[in-house]
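These are the residues of each chain, in order.
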Amino acid sequence: MDAFSEILAGVKLNGALFFNADFSAPWGFAAPASNALAPALAPGAPHLVIYHFVIEGRAAARLEGGPSLTLGPGDVVIFPHGDPHLVWSGEESAEPRETSAIIQKVLTHDLTALCAGGGGSTTRFVCGFMSCDPHISRPILDGLPQIFKVNVRTDRSGQWLENSILHLVEEAGSGRVGSEAMLAKLSEALFVDTLRRYVMSLPERETGWLAGTRDSTVGKCLGLMHSRVDHPWTIAELANEVGMSRSALSERFSRYLSEAPMTYLTRWRLQLASRYLVRTSKGVADIAAAVGYESEAAFNRAFKRGFGVPPARYRREQRSSSNLQAGYLLRGGDEFHSGTRLSNSGIS
């Protein structure tokens, strides 16, 4: 499996469509930060990626204070870091007046189409989210801008996804059993497809993790390390696997990721270990072995260098912090409704 797929498999993506609309111009809505939406959409989710898929008509989207993206049929606009944003019909006079109606739909998990707007040209779209572990998916998320768009109507696979989603949206709106579960799986497929299209659209000279996965040598090296993280890799063995000298591999890898292969592997192992410590009850010795350390002592030393505290203390502190955060969300789950203040110029 390639590195891109390994990361996506490891983060256990969970997604769903959460909104379905037919708006007539002028129209607009303001979406709060995704962590404010999480208690309503996916309780307990550590991070939500929000996207909007334009089926028909035109729209515009932007971050607060940022430039606008023009959207047309087949465009999917994604907010990987969950930033608050504005989506509207494109006219300068449009205001985010549909926000309250959308929030009500979200709170009641109502997938029937919301019809609203000023009576002008029609835009039809669906909105979805993807929940993921921001730590494990960091290699992908860190390489993505705050907002980007791709078009899925450029080939048959994208067209099939769109048609399938539209069919299931209609079923979900009528209350047919199982429709929402199937929509969730298609939502995940759409998200992965848009990421793949974005990676393939990167310029040839682009660097970074995402561009590295596209390179035949660096991508294979990343795939090996991610698929067999517990293997006692050496630079010599990795070089042999990809058919290059050690120096050539190190140079090529560093050109894309700005660090040597073994440095990257160590950092990734510790990142995985930190998640195991927080999310599982495995002992420190078992976690050390799972991420490729031959001894618990060596793992303890490496972890303390990376995180500043020993593994056991890290586990206690992180779990205590998570419990406090969970209590806060339970007390303020509806805060996103009152915490988003709108203005004529956008989101504030």
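The structure this text deals with has already been given above.
Here is a short report on the structure shown in this document. (Residues numbered from 1 in each chain as written. Predicted model: local features only at pLDDT ≥ 70, side-chain atom pairs only at ≥ 80, totals over all residues. Heavy atoms only, no water.)

**Digging into the overall build of the protein chain**
Part 1 of the argument: Within the protein chain one finds 15 helices and 12 strands.
Part 2 of the argument: A compact globule built from 348 residues would reach a C-alpha radius of gyration of about 20 Å, and the protein chain, at 22 Å, matches this within 12%.
Part 3 of the argument: Along the first, second and third principal axes, the C-alpha set of the protein chain runs to 65 × 45 × 40 Å.
Part 4 of the argument: Taken across its 348 residues, the protein chain has 50% of its residues classed as buried. (Helix = DSSP H or I, 4+ residues; strand = E, 2+ residues; numbered from the N terminus. Rg over C-alpha atoms; globule rule 2.2 N^0.38 Å. Buried < 20%, exposed > 50% of the residue type's maximum accessible area, 1.4 Å probe, protein only.)

**Details of the sheet that holds strand E5 (residues 69-71)**
Part 1 of the argument: Strands sit in the order E2-E7-E4-E5 across an open sheet of four strands; the sheet is antiparallel. This sheet does not close on itself; its edge strands, each paired only once, are strand E2 (28-31) and E5. Direction aside, the axes of adjacent strands within the sheet are offset by 20 degrees on average.
Part 2 of the argument: As paired strands, strand E4 (residues 59-63) and strand E7 (residues 85-88) are joined by four bridges and run antiparallel to one another. From the neighbouring strand, Ala 61 faces E7, where its bridge partner is Val 87. (Pairing = 2+ DSSP bridges. Axes fitted to C-alpha atoms, helices over the stretch in contact; angles between N-to-C directions.)

**A short note on unusual backbone geometry**
Part 1 of the argument: A cis amide bond links Ala 25 to the next residue, Pro 26, at an omega of -5 degrees.
Part 2 of the argument: As for its position among the elements, Pro 26 is in the loop between strand E1 (14-24) and E2.
Part 3 of the argument: Here the phi dihedral of His 109 falls at roughly 55 degrees; this positive angle occurs in a residue that is not glycine.
Part 4 of the argument: Position of His 109 among the secondary structure elements: in the loop between helix H3 (99-108) and strand E8 (114-117).
Part 5 of the argument: Unlike most non-glycine residues, Ser 258 shows phi in positive territory, near 60 degrees.

**Some remarks on the sheet that holds strand E3 (residues 48-56)**
Part 1 of the argument: Read from one edge to the other, the open sheet built from six strands follows the order E8-E1-E9-E3-E6-E10, with strand pairing classed as mixed. Taken across any chain shown, the strands that pair with only one partner, and hence form the sheet edges, are E8 and strand E10 (148-151). Sheet twist, expressed as the mean angle between neighbouring strand axes with direction ignored, is 25 degrees.
Part 2 of the argument: Across the sheet, H3 touches E1 and E8, and the angle it forms with E1 is around 145 degrees.
Part 3 of the argument: Across the sheet, helix H6 (residues 179-200) is in contact with E1, E3, strand E6 (75-79), strand E9 (122-131) and E10; its angle to E1 comes to roughly 85 degrees. (Contact = heavy atoms within 4.5 Å.)

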